[in-house]
Amino acid sequence: MRDMTPAHAGSPASVASPVDGGDRQTQLLRGVLDMCLLALLTEQPTHGYDLVRRLGAIGLDTISYGTIYPLLTRMRRLGLIADERVESPTGPPRKVYAPTPAGRQALRGWVEQWREFVAIIDATIADVSFEQADSPEAEKGRTP
Amino acid sequence: MTSAHTANQIRDALAIAERQWRAMHIVDHERAALAEDLHTELTGAVADGISPRQLLGDDIREFARNLAVEAGVTRIPYENRRLLRTAAGGAAPGVVLGWLSMFGGLWLPGAPFSYPVLALTVLVGALVAVRVRMAEVPQINRTVAAMALLVSLAGILVTPVIMGFASLFGYSTAWVVVLMEMAIAAAAVGGATLMARRWAMAPWVAAAARMPSHV
């Protein structure tokens, strides 16, 4: 079983290392990446690697094409998006993806669900006071 | 314009993906659809100055595996490893009996007929095990029938080969020699088993080819 205890538990610097943050972001994204892709494609239909560029531009630069393309293929299989070969002025035709009516409907539902979820999580963490949680008295209170 | 170098890179990437998809026993037309789609993506990316490696990463096999899984492709249920394991398990009592009769001094009734009887024990044990323990697998009756024919044939064909090999070593019963002989027999019988499965699955594969593609 994975040890969830930080290597230097108690040290403020160890609480959120950049690596942990990246892992956590990847895990959080896993459940919502399809929604993000649908949202971007609703905004503007495009091809796979342009989606990677657009995700990077909005700050999700850890997402690779190797993740995006299989996901697009699944979304196409599920009828959420459709692809069309579009002639390109700079070379061969590109496969451009766009949401289907079913995809737009799914996106609407997912966005509502996400907003409710975020509201619940925000309410849960709204009153957390880090000063109080890190104080020596609080540490003593946790000692058996 | 795509240079020869990038054309090679595309071809290499597609070849690696194809190998992965073949290993996954994806039906032909769906594999072709995956390859065509990926080819379109790669050539488009190369025209925009992005190499296949930049696009797909270093582990193209893993990429191809993920892509096939997400595409929900139809895989041919050869179940080769399970088939070989099950057949070997069913054949094991016959093999052990043969070993004991040859090297353990076990007396078998009807000694002049013991070799054909032992071969039959091995074959029937394998067939029954496959039929019973893999009953839910598609085309298993056809597989068992094909095995009955091809494994018997393989046994007949490999016998002179093993005898020839044995004669090279003066019919030695040294364990290394005997193990080599058993390996030759196992390769022939195992190969025949896999061929039988391919043969039995041919109608299933043809039917899958007529179905609309998932990809």
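Everything numeric in this text was worked out from a predicted model, so none of it was measured.

Account for the overall build of chain A, with residues named and values stated.
A tally of helices and strands in chain A yields seven helices and two strands. Mapped in sequence order, the helices and strands of chain A form the string α-α-α-α-β-β-α-α-α. Residues counted as buried form 31% of the 144 residues belonging to chain A. Taking the contacts inside chain A whose residues are at least 6 apart along the sequence as the reference set, 49% of them involve residues at least 24 apart.

Would you mind going over the overall build of chain B in detail, with residue names and values included?
Along chain B, the regular secondary structure elements total eight helices and zero strands. Element order for chain B, N to C, with α for helix and β for strand: α-α-α-α-α-α-α-α. Over its C-alpha trace chain B gives a radius of gyration of 24 Å, far above what one expects of a compact globule, namely 17 Å for 215 residues. C-alpha extents for chain B along the principal axes are approximately 75 × 40 × 20 Å. Put simply, chain B has 215 residues, and 38% of those count as buried. Of the roughly 11900 Å² of accessible surface on chain B, 67% is carried by carbon and sulfur atoms.

Give me the lowdown on the nonpolar core, citing residues and values where you can.
Grouped burial of nonpolar side chains is what soluble globular proteins tend to show. Counting residues in hydrophobic clusters, the biggest one holds 48 residues, and the most contacted among them are Trp21, Leu38 and Leu56 of chain B. Elements with a contribution of two residues or more to this core: helix H2 (33-43), helix H3 (48-57), helix H4 (65-77) and helix H5 (101-125) of chain A together with helix H1 (4-23), helix H2 (28-47), helix H3 (52-56) and helix H4 (60-71) of chain B. The next biggest cluster of nonpolar side chains, apart from the first, holds 18 residues, and it includes Ala91, Leu127, Met134 and Ala154 of chain B.

Describe H2 of chain B, and please don't skip the residues or the numbers.
With 20 residues, H2 of chain B extends 28 Å between its outermost C-alpha atoms, agreeing within 8% with the 28 Å of an ideal straight helix rising 1.5 Å per residue. Following H2 of chain B by one or two positions, Gly49 of chain B adopts a phi angle in the positive range, close to 85°.

Which residues make up the pattern of salt bridges, and what values go with them?
Following the criterion strictly, the structure yields 15 salt bridges over all chains and no others. A salt bridge links Arg65 of chain B to Glu62 of chain B, with the shortest nitrogen-to-oxygen separation between them at 3.5 Å. With Arg65 of chain B and Glu62 of chain B both in helix H4, this residue pair falls three residues apart, about one helical turn. Residue Arg65 of chain B is classed as partly exposed on the basis of its relative accessible area of 33%. One continuous salt-bridge network, built from bridges that share partners, spans Arg76, Asp83, Arg85 and Lys95 of chain A together with Asp37 of chain B.

Explain the interface of chain B and chain A to me, using residue names and the numbers behind them.
Reports of interface size often rely on the accessible area that becomes lost once the parts have come together. Tallying the contact residues gives 22 residues for chain B and 19 residues for chain A. Across the chain B to chain A interface the summed buried area is about 1700 Å²; carbon plus sulfur atoms make up 55%. Seen at the junction of chain B and chain A, the total is five salt bridges. We note a salt bridge from Arg94 of chain A to Asp48 of chain B, for which the minimum N-O separation is 2.5 Å. Inspection of the chain B/chain A interface yields 12 residue pairs in polar contact (both at pLDDT 80 or more). Going through the elements one at a time, H2, H3 and H4 of chain B are the ones with two or more residues in the side of chain B that touches chain A. With nine residues, H2 of chain B is the single largest residue contributor to the side of chain B that touches chain A. Of the residues in the side of chain B that touches chain A, the class split is 11 nonpolar, six polar and five charged.

Calculation rules
- Residues numbered from 1 in each chain as written.
- Chains lettered and ligands numbered in written order.
- Predicted model: local features only at pLDDT ≥ 70, side-chain atom pairs only at ≥ 80, totals over all residues.
- Heavy atoms only, no water.
- Helix = DSSP H or I, 4+ residues; strand = E, 2+ residues; numbered from the N terminus.
- Buried < 20%, exposed > 50% of the residue type's maximum accessible area, 1.4 Å probe, protein only.
- Contact = heavy atoms within 4.5 Å.
- Rg over C-alpha atoms; globule rule 2.2 N^0.38 Å.
- Areas by Shrake-Rupley, 256 points an atom, 1.4 Å probe, with all protein chains shown as cover.
- Core = buried A, V, L, I, M, F, W, Y, C linked by side-chain atoms within 4.5 Å.
- Expected span 1.5 Å × (residues − 1).
- Salt bridge = Lys/Arg side-chain N within 4 Å of Asp/Glu carboxyl O.
- Buried area = accessible area lost by both parts, 1.4 Å probe.
- Polar contact = N/O pair within 3.5 Å; in protein donor to acceptor, adjacent residues only side chain to side chain.
- Nonpolar A, V, L, I, M, F, W, Y, C, P; charged D, E, K, R; others polar.

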